[in-house]
Amino acid sequence: INAEYGGHTKFIEASMVVYSLYVISKSGGLIYQQDYDNIPRLGMNERILLGSTFHGLHAITSNLSPVSGSSGIELLETDTFKLHCYQTPTGIKFYLIAEPSHPDLFQTLLSIYKCYTDFVLKNPFYELDQPIRCELFDVELEKLLSSSPPSVK
């Protein structure tokens, strides 16, 4: 299946599923979370706890890395899921949780970041580090990630 967003052609594989997206502020606060598949729903307190755990894990891995200048965790693979992180130059972290067989999610994360810059940061009513409540952002993410996430080429 071919789809178009932001001038990029995406090739969607029907068997690849993204479970959730988390956006964490520079200070570690959960500012956005959305589920995209039929997974058990977490309560708000559990989502906040998971978001802050991601932030702490990212900080710990950047300090423990044997490679100097490491930016922290980028990919965590398990038997049941794959967690991929993209940290922006300003410190915002985007985490995608997908099925373990999903291909590299880096380009998908860049597309999400583009949506964030286009529909959140350019929104005159949005305040930095506050929860994201932008309908256009939700709509574009749904197009990008629902049921079969894209690989941007």
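For the structure itself, consult the block above.
Residues numbered from 1 in each chain as written. Predicted model: local features only at pLDDT ≥ 70, side-chain atom pairs only at ≥ 80, totals over all residues. Heavy atoms only, no water.

(A) Just the pattern of salt bridges, in detail. A complete count under the given rule lists four salt bridges for this structure. Glutamate 77 serves as the salt-bridge partner of lysine 82, at 3.9 Å between the closest nitrogen and oxygen. Looking at lysine 82, the relative accessible area reads 8%, which means it is buried. For glutamate 77, a relative accessible area of 53% translates into the label exposed. (Salt bridge = Lys/Arg side-chain N within 4 Å of Asp/Glu carboxyl O. Buried < 20%, exposed > 50% of the residue type's maximum accessible area, 1.4 Å probe, protein only.)

(B) View of the packing of helix α2 (residues 106-121) against helix α3 (residues 135-145). Running from amino to carboxyl end, α2 crosses α3 at an angle of 160°, the nearest separation of the two axes being 9 Å. Regarding the angle of α2 to α3, the classification is roughly antiparallel. Of the two elements, α2 crosses α3, and the hand of that crossing is right-handed. Contacts from Thr108, Ser111, Ile112, Cys115, Tyr116, Phe119 and Val120 of α2 reach α3 at Leu136, Phe137, Glu140, Leu141, Leu144 and Leu145. Tallied by class, residues from the contact of α2 with α3 come to 10 nonpolar, two polar and one charged. (Axes fitted to C-alpha atoms, helices over the stretch in contact; angles between N-to-C directions. Helix = DSSP H or I, 4+ residues; strand = E, 2+ residues; numbered from the N terminus. Parallel < 35°, antiparallel > 145°, perpendicular 65-115°, else oblique. Left-handed = near helix turned anticlockwise from the far one by under 90°. Contact = heavy atoms within 4.5 Å. Nonpolar A, V, L, I, M, F, W, Y, C, P; charged D, E, K, R; others polar.)

(C) Structural view of α2. An ideal rise of 1.5 Å per residue puts 22 Å on 16 residues; α2 measures up with 21 Å between its terminal C-alpha atoms. Burial in α2 covers these residues: Thr108, Leu109, Ser111, Ile112, Cys115, Tyr116 and Val120. All buried residues of α2 project into a common sector of 155° when viewed along the axis, lining one side. (Expected span 1.5 Å × (residues − 1). Arc of directions from axis to C-beta.)

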